[in-house]
Amino acid sequence: MFEENLWQTVLAQIQLNISEANFATWFKNTQILSKEEEKIVISVPNSFAKEWLENKYQRTILKVLHRQDSKIKKIDFIVGKTNLRTQETPFIVPKTDQPELKISKSSKTGLNPRYTFENFIVGSFNELAHAAAWAVSENPGLVYNPLFVYGKVGLGKTHLLQAVGNEIAKRSPEKEMRYSSAEMLVSGIVSSIRDQTIEKFKALHKKIDVLIIDDIQFLAGKEKTQEEFFHIFNTLYHNQKQIILSSDHPPKAIPALAERLRSRFEGGMIADIGYPDFETRIAILKTKAQEKKDLIPENVYNFLASTIQTNIRELEGALNRVILFQKTYNRKITLDEVKSLLKEITVSPLQKNTPKRLIQTVAEFYDLKEKDILSNSRKKEIVRPRQIAMYLLRKKMQSSYPFIARIFGGKDHTTAIYAFEKISKELQKNEGLERDLNLIYMQLLNG
Ligand code: ADP
Ligand code: MG
């Protein structure tokens, strides 16, 4: 049991540092099988997971393990020796805030029961999307098909999509329902192509009555997945099964999306979610505080709603900090205290990193020396990591182009712009690069 604890500790740390979807895909159904002096053996659900963990996460896992037990030098991953039933489940349930999803209906549908219409607040910013979603939940497959909801991050797309799913499940429990992030869809399709079970995968999905795919922009550039998804989509569509999609952009603005999919996506109802206005932000805060049975001072609501304007998730995060504070000290928070609390929230973990450390991490990842990356070398194996470092400085640390150019030996700032644009473009079609960047990012967070 000691071993189990060790692995749980490792997982907990890794979970903090990678995306929910990545964690669910690669780590969720792993178990520790044994631990000897220098070696631990981890069971993984399939060969695809094994490959990823070995190639992409091994170093990070070892690093975290070392903090627990410095003797461990080696990890073996073995496929299949586990009692968890992952192989039959084509989509892995994305982890939300629930510690462990019970083996209930929700683990089959992928839905989180927390997201409902009842606790979804409607304002002019999301009125259209809400109305369309509600209509779909009353008449799945018949009114708007597909329903395509788009909006920026943290504004309620996932909540709304899941609310439709939960509502339909409530009204028609017999309906076959599946919620999945596009990231999971991709990994489901990719791994079933590998295992030569893609026909089975498709057959399973063609039987679904309500298919909900979140963050469909993730399909950008993934041609094979798009092709397989196209077939699933068509079958469902022709059988009047409901398809619901979300994205951060409208279909026409999703890059590297096959034309035929784009036109399918545009064939139903497209509804956007904008930014909530001040009054709505206050209403959201008050409702959430009420749900948590805690009240905070009026001026604090105002302060939060005027400081955090474009992301409901952040608004909620700030509120939770305030509530936690009040619970801890068993009294109301003051405005000054809120201000200092918020300061911490707004500094992202990466801002605590220095550009120097970022460059070191990138260099290390590509087996180069820091001075190589900072040099003027035009060698391909150096130019690319250099561009990646520039990209990350801009993207993750919000460095200005002239600043980046200065760090890299006084290059012209257009060099930094060029690097940023080149890597951004490449990221849209190169999954491997995306994976690498995630790993680098994770290493930075890990310190
Ligand atoms: P997105 O998928 O667009 O990034 P989410 O659906 O994950 O955003 O929403 C982020 C958080 O904000 C969630 O906790 C969600 O419950 C909450 N939220 C978003 N919109 C609303 C809303 N209209 N009413 C209540 N809560 C909301
Ligand atoms: Mg979402």
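Throughout what follows, the structure given in this document is the object of discussion. As the structure is a prediction and not an experimental result, all values here were calculated from the model.

**Remarks on the site of ligand 1**
What surrounds ligand 1 is a group of 18 residues, the closest being Ile121, Gly154, Thr158, His159 and Glu316. Here a nitrogen atom of ligand 1 sits 3.4 Å away from a polar atom, N or O, in the side chain of Asn126. When the free accessible area of ligand 1 is taken as 550 Å², the share hidden by the protein chains comes to 95%. The set of elements that each furnish at least two residues to the shell around ligand 1 consists of helix 6 (157-171) and helix 13 (312-329). Counted by class, the shell around ligand 1 contains six nonpolar, six polar and six charged residues. A domain-level breakdown of the shell around ligand 1 finds at least three residues from each of domain 2 (127-272) and domain 3 (278-346).

**Points about helix 9 (residues 223-238)**
Relative to the 22 Å expected for 16 residues at 1.5 Å per residue, helix 9 spans 22 Å between its end C-alpha atoms, a close match to the ideal helical length. Of the residues making up helix 9, those classed as buried are Thr225, Gln226, Glu228, Phe229, Phe230, Ile232, Phe233, Asn234 and Leu236. For helix 9, the elements touching its buried residues are helix 7 (182-194), helix 8 (198-206), strand 6 (210-214), strand 7 (242-247) and helix 10 (259-265).

**A closer look at the pairing of strand 6**
Across the five residues that make up strand 6, a large majority, five, are buried. Across five bridges, strand 5 (residues 177-181) lies against strand 6 in parallel orientation. Its bridge partner being in strand 6, Met177 is matched across the sheet by Val210. Inspection of the sheet shows strand 6 paired to strand 7 by four bridges, in the parallel sense. Its bridge partner lying in strand 7, Leu211 is registered against Ile243. This β-α-β element, strand 6 to helix 9 to strand 7, shows right-handed connectivity.

**Notes on the pairing of strand 4 (residues 147-151)**
Counting buried residues along strand 4, four of its five residues qualify, which places the element largely inside the surrounding structure. Note: strand 4 against strand 7, four bridges, orientation parallel. Paired with Tyr150 across the bridge in strand 7 is Ser247. Where strand 4 lies against strand 8 (residues 269-273), five bridges are found, and the strand directions are parallel. Bridge pairing in strand 8 links Gly151 to Ile273.

**Thoughts on the pattern of salt bridges**
All chains considered together, the criterion is met by 19 salt bridges. Between Lys73 and Glu38 there is a salt bridge, and its shortest N-O distance comes to 3.8 Å. Of this pair, Lys73 sits in the loop between helix 3 (47-68) and strand 3 (74-79) while Glu38 sits in the loop between strand 1 (31-35) and strand 2 (39-44), placing them 35 residues apart in sequence. The class for Lys73 is exposed, based on a relative accessible area of 54%. Across the salt bridge formed by Glu167 and Lys170, the nearest N and O atoms sit 3.5 Å from each other.

**Focus: the packing of helix 11 (residues 278-291) against helix 12 (residues 298-307)**
Where helix 11 contacts helix 12, the axes come no closer than 9 Å and their chain directions differ by 125°. The orientation of helix 11 with respect to helix 12, classified from their angle, is oblique. Along this stretch, helix 11 crosses helix 12, giving a crossing that reads as right-handed. Here helix 11 contributes Phe278, Arg281, Ile282, Leu285, Lys286 and Ala289 to the contact with helix 12, which in turn contributes Glu298, Tyr301, Asn302, Leu304, Ala305 and Ser306. Per-class residue counts for the contact of helix 11 with helix 12 are seven nonpolar, two polar and three charged.

**Structural notes on the nonpolar core**
Judged by nonpolar contacts, the single largest core of 52 residues is most densely connected at Phe27, Tyr57, Ile61, Leu65 and Leu437. Among the domains, domain 1 (2-79) and domain 4 (351-446) are the pair contributing at least three residues each to this core. Dropping the residues within four chain positions of it, Ile61 is found in contact with Trp7, Val10, Ile14, Phe27, Leu53, Ile75 and Phe77. The next biggest cluster of nonpolar side chains, apart from the first, holds 27 residues, and it includes Leu147, Val164, Met177 and Val210.

**What to know about the packing of aromatic side chains**
This structure, assessed with the given rule, holds 11 aromatic pairs. Ring geometry for Phe27 against Tyr57: centres 5.2 Å apart, planes inclined by 65°, an arrangement best described as edge-to-face. Taken together, the positions of Phe27 in the loop between helix 2 (20-26) and strand 1 and Tyr57 in helix 3 put the pair 30 residues apart, joining distant regions of the chain. As far as the burial class goes, Phe27 and Tyr57 line up, both buried. Taking 5.0 Å as the distance between ring centres and 75° as the angle between the ring planes, the aromatic pair formed by Phe365 and Tyr366 counts as edge-to-face. A residue is classified by how much of its surface remains accessible, and Tyr366, at 22% relative accessible area, is partly exposed. An aromatic cluster is present here, built from Phe148, Phe229, Phe233, Tyr237 and Phe265 joined pairwise through their rings. Here the basic side chain of Arg171 rests over the ring of Trp134, its NZ or CZ set 5.1 Å away from the ring centre.

The rules behind these values
- Residues numbered from 1 in each chain as written.
- Chains lettered and ligands numbered in written order.
- Predicted model: local features only at pLDDT ≥ 70, side-chain atom pairs only at ≥ 80, totals over all residues.
- Heavy atoms only, no water.
- Near = heavy atom within 4 Å.
- Polar contact = N/O pair within 3.5 Å; in protein donor to acceptor, adjacent residues only side chain to side chain.
- Areas by Shrake-Rupley, 256 points an atom, 1.4 Å probe, with all protein chains shown as cover.
- Helix = DSSP H or I, 4+ residues; strand = E, 2+ residues; numbered from the N terminus.
- Nonpolar A, V, L, I, M, F, W, Y, C, P; charged D, E, K, R; others polar.
- Domains from an automatic or database assignment.
- Expected span 1.5 Å × (residues − 1).
- Buried < 20%, exposed > 50% of the residue type's maximum accessible area, 1.4 Å probe, protein only.
- Contact = heavy atoms within 4.5 Å.
- Pairing = 2+ DSSP bridges.
- Right-handed = clockwise from strand over helix to strand, strands pointing away.
- Salt bridge = Lys/Arg side-chain N within 4 Å of Asp/Glu carboxyl O.
- Axes fitted to C-alpha atoms, helices over the stretch in contact; angles between N-to-C directions.
- Parallel < 35°, antiparallel > 145°, perpendicular 65-115°, else oblique.
- Left-handed = near helix turned anticlockwise from the far one by under 90°.
- Core = buried A, V, L, I, M, F, W, Y, C linked by side-chain atoms within 4.5 Å.
- Phe/Tyr/Trp six-rings, centres within 6.5 Å; stacked < 30°, edge-to-face > 60°.
- Lys NZ or Arg CZ within 6 Å of the ring centre and 35° of its normal.

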